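# Inside the fold
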Amino acid sequence: IKILLNIYWICEKCSIESLENGKKKHAAELEKNILIMKIKNAQIPPDLKNKDLSNFIIIDEECEKIVDLAKRYVEQVVEKKTHLNLIINGPTGVGKSHIAVGILKYCYELKYSRNSVCYTTSFGLANKVLATWNNPDLNEDDVLKEYTEIDILVIDDLGYDDSGKKAEIINKIIYRRHENQKSTIITSNLKTNQVLEYMDSRTSSRFLSNLYFDIQIDTEDFRLKRM
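Notes on the structure follow. Every chain's residues receive numbers from 1 upward, in the order its sequence appears when written. It should be noted that, the model being predicted, local features are given only for residues of pLDDT at least 70 and side-chain atom pairs only at 80 or more, the latter also being counted only at that level, while totals for whole chains, interfaces and linings use all residues. Neither water nor hydrogens contribute to the side-chain values; these are computed over all heavy atoms in the structure.

Any Lys or Arg side-chain nitrogen found within 4 Å of a carboxyl oxygen on Asp or Glu counts as a salt bridge. All told, the structure shown has five salt bridges when counted by the stated rule. Here E140 ties to K172 by a salt bridge, and the two come within 3.6 Å at their closest N and O atoms. Here E140 is found in helix α5 (residues 140-149), whereas its partner K172 is found in helix α6 (residues 165-179), with 32 residues between them in sequence. In this structure, E168 engages K165 in a salt bridge whose closest nitrogen and oxygen atoms are separated by 3.8 Å. With E168 and K165 both in helix α6 and three residues apart, this pair spans about one turn of that helix. Taking the relative accessible area as the measure of exposure, E168 reaches 49% and is therefore partly exposed. Remark: exposure states derive from per-residue accessible area (1.4 Å probe, protein chains only) relative to the maximum for the residue type, with buried under 20%, exposed over 50%, and partly exposed in between. Residue class for K165 comes out partly exposed when judged on its relative accessible area of 49%. Secondary structure counts use DSSP, requiring at least four H or I residues in a row for a helix and at least two E residues in a row for a strand, with both numbered from the N terminus.

The next subject is the packing of helix α4 (residues 122-131) against α6. Between α4 and α6, the shortest axis-to-axis distance is 9 Å and the interhelical angle comes to 95°. If you check the angle between α4 and α6, you find them roughly perpendicular. Residue-level contacts link S122, L125, A126, N127, V129 and L130 of α4 to K166, I169, I170 and I173 of α6. For the contact of α4 with α6, a count of residues per class yields seven nonpolar, two polar and one charged. A fitted line through C-alpha atoms represents every axis, and for helices the fit uses only the stretch in contact; the resulting angles, taken between N-to-C directions, go from 0 to 180 degrees. Should an angle fall under 35 degrees it is called roughly parallel, over 145 degrees roughly antiparallel, and 65 to 115 degrees roughly perpendicular, with every other angle called oblique. When checking whether two residues touch, look at their non-hydrogen atoms; a contact exists if any pair is within 4.5 Å. Each residue is assigned to one class: nonpolar for Ala, Val, Leu, Ile, Met, Phe, Trp, Tyr, Cys and Pro, charged for Asp, Glu, Lys and Arg, and polar for all the others, Gly among them.

What follows deals with the sheet that holds strand β7 (residues 211-216). Here, a strand pair is defined by DSSP locating no fewer than two bridges between the strands. Pairing is parallel in the open sheet, where five strands are placed in the order β4-β5-β6-β3-β7. Edge positions in the open sheet fall to β4 (117-121) and β7, since each of these has one partner strand only. In this sheet, adjacent strand axes meet at a mean angle of 15° when their direction is disregarded. Note that strand β3 (residues 85-89) and β7 share five bridges and pair parallel. Bridge assignment links I87 to a residue of β7, and that residue is D214. In the packing of helix α8 (residues 201-209) onto the sheet, contacts are made with β3, β6 (183-188) and β7, and the angle to β3 comes to roughly 100°.

See below:
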């Protein structure tokens, strides 16, 4: 059977296949655009936007275990519909931020229904709150509410340029996130005991009560390998 398409005759089977291929192409393009928008909304910085768990460099079994733990963390949060915390620590340049962003991307892959995920640095988050103190057009409570109600929040580089008042702000946010039953992922150059010492006793106690795992990455600085 042939049908007239514009000024060309085409068989019915070819026409159906063409329409199906067009639908698949449109769906793939739509999914790509949605992912781009989600990445933008998650505030993932340009240097990390192409990072995910699939392109984390695997050099040994320990790296495979790290990726597996990261995936299982998301799966636990999704399946149990509860909040779980995570610490990712290690020296500079070993891929802590890569894994953290990969976790957010994996949420998209699993069609995480509570879908509110976000990335921020510790000092950047503290500075956002500090900026409201001397600006009458900004409201501290609005910033705190935004970052304490996000379902999964990555706080990157905890302990870098965020002492004093900044540390108090980060503690307040972590504490409130526990009260709101939201999952918090912390990356840091600090060792686990130092991360917990960074928090006050009330905050660390609550954070630990829902700690899923402490992922320690101890490989070579990948940035130095490029030189």
